[in-house]
Amino acid sequence: MSDYTIQQLNVYEYLGKACDPLFNAICNMQQGSSKYIPEIKVTLIKNRHGLYEMASKSNHECYSNKEDLYDSVSEILSNSLLRRM
C-alpha cells in the first residue's frame, strides 16, 4: 500500500464533515446523552455543562466544541484502522 493510499483513508476529508455520520451523531447529541464507538472502545458524552467528553478505559478528555471532539475521534479511528492493515 502506498503512502498516497494511506492518506486517503478518510473519505469525509473530501466529502466534508456534514456527510460524515460520526460528525452528525456528535452534532445531534443532547445534553446528558452518550454514544459508544465499539471499534475503539470509546464513549462520547455531552455533559450537563455543554462540554463534550471522550472516555475510554484508560483515557478521559474534554472538548469545548464538537469539531475538536470529532477531529480527535477521527484521528483515533484512522490510527486504529492503519494498525489493522
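Source: prediction; values computed, not measured.

**Quick notes on the overall build of the protein chain**
Line of reasoning, step 1. Scanning the protein chain from terminus to terminus reveals four helices and four strands.
Line of reasoning, step 2. Starting at the N terminus, the α and β elements of the protein chain follow one another as α-α-α-β-β-β-β-α.
Line of reasoning, step 3. Relative to its full complement of 85 residues, the protein chain shows a buried share of 27%.
Line of reasoning, step 4. Taking as baseline every contact in the protein chain between residues at least 6 positions apart, the subset at least 24 positions apart corresponds to 33%.
Line of reasoning, step 5. Carbon and sulfur atoms make up 50% of the accessible area of the protein chain, which totals about 5,800 Å².

**Concerning the sheet that holds strand β3 (residues 52-55)**
Line of reasoning, step 1. Taken in spatial order, the four strands make up an open sheet running β1-β2-β3-β4, and their pairing is antiparallel. Of all the strands in the sheet, the pair left with one neighbour each is β1 (34-37) and β4 (60-63). On average, adjacent strands in this sheet sit at an angle of 15 degrees to one another, irrespective of strand direction.
Line of reasoning, step 2. Sheet topology places β3 next to β4; four bridges connect them, and they run antiparallel. Looking at β4, one finds that Ala-55 is bridged to His-60.

**Here's the deal with the nonpolar core**
Line of reasoning, step 1. Judged by nonpolar contacts, the single largest core of 14 residues is most densely connected at Leu-22, Ile-26, Ile-37, Leu-44, Met-54, Leu-69 and Val-73.
Line of reasoning, step 2. Elements with a minimum of two residues in this core: α3 (21-27), β2 (42-46), β3 and α4 (66-84).
Line of reasoning, step 3. Not counting the four nearest positions on each side in its chain, Ile-26 is found in contact with Leu-44, Tyr-52, Lys-66, Leu-69 and Tyr-70.

**Thoughts on the pairing of β1**
Line of reasoning, step 1. Where β1 meets β2, four bridges bridge the pair, whose relative direction is antiparallel. Residue pairing for β2: Ser-34 is matched across the bridge by Ile-45.
Line of reasoning, step 2. From the end of β1 to the start of β2, which pair antiparallel, there are four residues, and Lys-41 there has a positive phi angle of about 50 degrees.

**Focus on the pairing of β3**
Line of reasoning, step 1. The side-chain alternation of β3 yields two buried faces, one formed by Tyr-52 and Met-54 and the other by Glu-53 and Ala-55.
Line of reasoning, step 2. Relative to β3, β2 runs antiparallel, the two being bridged by four bridges. Each residue of the ladder has a partner; that of Ile-45, found in β3, is Glu-53.
Line of reasoning, step 3. In sequence, β2 turns back onto β3 through a hairpin of five residues, with Gly-50 there showing a positive phi of about 85 degrees.
Line of reasoning, step 4. Linking β3 to β4, which pair antiparallel, is a turn of four residues.

Cut-offs and rules
Residues numbered from 1 in each chain as written. Predicted model: local features only at pLDDT ≥ 70, side-chain atom pairs only at ≥ 80, totals over all residues. Heavy atoms only, no water. Helix = DSSP H or I, 4+ residues; strand = E, 2+ residues; numbered from the N terminus. Buried < 20%, exposed > 50% of the residue type's maximum accessible area, 1.4 Å probe, protein only. Contact = heavy atoms within 4.5 Å. Areas by Shrake-Rupley, 256 points an atom, 1.4 Å probe, with all protein chains shown as cover. Pairing = 2+ DSSP bridges. Axes fitted to C-alpha atoms, helices over the stretch in contact; angles between N-to-C directions. Core = buried A, V, L, I, M, F, W, Y, C linked by side-chain atoms within 4.5 Å.

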